[in-house]
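Commentary on secondary and tertiary structure
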Amino acid sequence: MKTDTSLPPVRGKILQNASLAPYTWFRVGGPADWLFLPADAEDLSLFLRELDPAVPVTTLGVGSNLIVRDGGIEGVTIRLMGKYWGDVAAVNATTLSVGAGALDLAVAKAAATNGMRGLEFLSGIPGSIGGATRTNAGCYGRELKDVLNKLEGITRAGEPVVYQGEVADYGLPTVKMDYRHSELPEDFIVTRLLLSGDDIDDPAAILADIETLQARRAETQPIRDKTSGSTFANPDPPGTPDQRSAWKVIDAAGCRGLRVGGAQVSEKHCNFLINTGNATAADLEALGELVRARVFDHSGIHLRWEVRRIGRLQLPA
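The shown structure was predicted, so the numbers you read here are calculated from the model rather than taken from an experiment.

**Side note on the sheet that holds strand β3 (residues 57-60)**
A sheet is described by the order of its strands in space; here 4 strands give the open sequence β1-β2-β5-β3, paired in mixed fashion. Every interior strand has two partners, whereas the edge strands, β1 (13-19) and β3, have only one. The sheet shows a mean angle of 30 degrees between the axes of neighbouring strands, direction not considered. Relative to strand β2 (residues 31-37), β1 runs antiparallel, the two sharing 6 bridges. The residue of β2 that forms the bridge with Leu 15 is Leu 35.

Right, here's the structure in full:
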């Protein structure tokens, strides 16, 4: 299919001026100039090889930790969705092969179904595994780097690249990760991962543990609201124990329930922002910056955004 003379032909779909709000958990944001839904890794690679290098390219997962600004995104936005990108398959008793578009919860459950322990923590991370890789997402005392065996992806030029994680040695370049950060090149698109579990156990026992974690998450986080994952990363030490948790310093600064337009700091967990129904991306970003300012005034702590903010502030005239 070829939808415009300026874009290469593809086997997937290309949509012009496509609204991105439905693809983000906040349900806000402007349109993509072009939205590309590649059929598979080969389709993506060929498209990028032939695409004019001057055209900006942005990659989305399921939009869980993302604010797309109201002016939308320039150039081509790529979203990895569908059966191919969500594929999860057992390689052996303790290793999963996972498509970048697979939901973290689905990966955790697939590991459990195969009797693989060690990936249960993924059930507490909102979003897809590709996005989790980009930020080295984690919870319940573990991070993605703790289970990352190998990582496949494609560069902006359409070339395949493979990295190894810290839990394996293939003689490949190692992708370096630390707290809520990876050193992957900005233009690198994650396509597939190998994840390593710790041990073999009864599938029913592992699934029961995941259900417990899910119940805990529902009790403590506003998962039924239009929200994202955690808004800010926990502050770096040093500091008192109460200053090492983002929600605690936000609460201490009096920000619980704070509003800007249709955006609100969650009453349930104040490291979450909520679209109460009519928020704009500008409302959410302004609220986040107001929280950062109040926390700094109160404690001198600089909160670092964990939610990714991308796109233009306003649509072009």
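On we go from here.
**Here we look at the packing of aromatic side chains**
This model, assessed by the stated rule, comprises 4 aromatic pairs. Seen in terms of ring centroids, Tyr 163 and Phe 188 are 5.3 Å apart; in terms of plane orientation they differ by 75 degrees. Their pairing is edge-to-face. Taken together, the residues Tyr 163 in strand β12 (residues 160-164) and Phe 188 in the loop between β14 (181-182) and β15 (189-196) connect sequence positions 25 residues apart. Classification of Phe 188 by relative accessible area gives buried; the value is 3%. For the cation-ring pair, Lys 150 lies above Tyr 170, with the distance from its terminal atom to the ring centre recorded as 4.7 Å.

**Structural notes on the nonpolar core**
As a rule of thumb, soluble globular proteins bury nonpolar side chains together. In terms of nonpolar packing, the biggest core is built from 48 residues, with Leu 44, Leu 122, Leu 151 and Leu 195 touching the most fellow members. Not counting the four nearest positions on each side in its chain, Leu 195 is found in contact with Thr 94, Thr 95, Leu 96, Val 98, Val 107, Leu 119, Leu 122, Ile 129, Leu 144, Val 147, Leu 148 and Asn 149.

**Regarding the pairing of strand β7 (residues 95-99)**
With 5 of 5 residues buried, β7 is to be regarded as a mostly interior element. Of the two faces of β7, the one carrying Thr 95, Ser 97 and Gly 99 and the one carrying Leu 96 and Val 98 are both buried. Note that strand β6 (residues 88-92) and β7 share 4 bridges and pair antiparallel. Residue pairing across strands places Val 88 opposite Val 98, the latter belonging to β7. Between β6 and β7, which follow one another and run antiparallel, lie 2 residues. Two strands pair when backbone bridges link them, and β7 and β15 are joined in this way by 5 bridges, in the antiparallel orientation. Bridge pairing links Thr 95 to Ser 196 in β15.

**Some thoughts on unusual backbone geometry**
Leave glycine aside and you will find that most residues have negative phi; peptide bonds, for their part, are mostly trans. Phi at Arg 27 is positive, roughly 60 degrees, even though this residue is not glycine. Tracing the chain through its elements places Arg 27 in the loop between β1 and β2. You can call Arg 27 partly exposed: its relative accessible area is 44%. Positive phi values are uncommon outside glycine, yet Arg 180 reaches one of about 50 degrees.

**A closer look at helix α1 (residues 41-50)**
Owing to its 3.6 residues per turn, the α-helix brings residues three or four apart onto one side. Inspection of α1 places Ala 41, Asp 43, Leu 44, Ser 45, Phe 47 and Leu 48 among the buried residues, and these make up the whole buried set. Along its buried surface, α1 packs onto β1, β2, β3, β5 (73-79), β11 (148-154) and β15. Two or three places before Glu 42, at the opening of α1, Asp 40 has a side-chain oxygen 3.2 Å from that residue's backbone nitrogen.

Analysis parameters
- Residues numbered from 1 in each chain as written.
- Predicted model: local features only at pLDDT ≥ 70, side-chain atom pairs only at ≥ 80, totals over all residues.
- Heavy atoms only, no water.
- Pairing = 2+ DSSP bridges.
- Helix = DSSP H or I, 4+ residues; strand = E, 2+ residues; numbered from the N terminus.
- Axes fitted to C-alpha atoms, helices over the stretch in contact; angles between N-to-C directions.
- Phe/Tyr/Trp six-rings, centres within 6.5 Å; stacked < 30°, edge-to-face > 60°.
- Buried < 20%, exposed > 50% of the residue type's maximum accessible area, 1.4 Å probe, protein only.
- Lys NZ or Arg CZ within 6 Å of the ring centre and 35° of its normal.
- Core = buried A, V, L, I, M, F, W, Y, C linked by side-chain atoms within 4.5 Å.
- Contact = heavy atoms within 4.5 Å.
- Polar contact = N/O pair within 3.5 Å; in protein donor to acceptor, adjacent residues only side chain to side chain.

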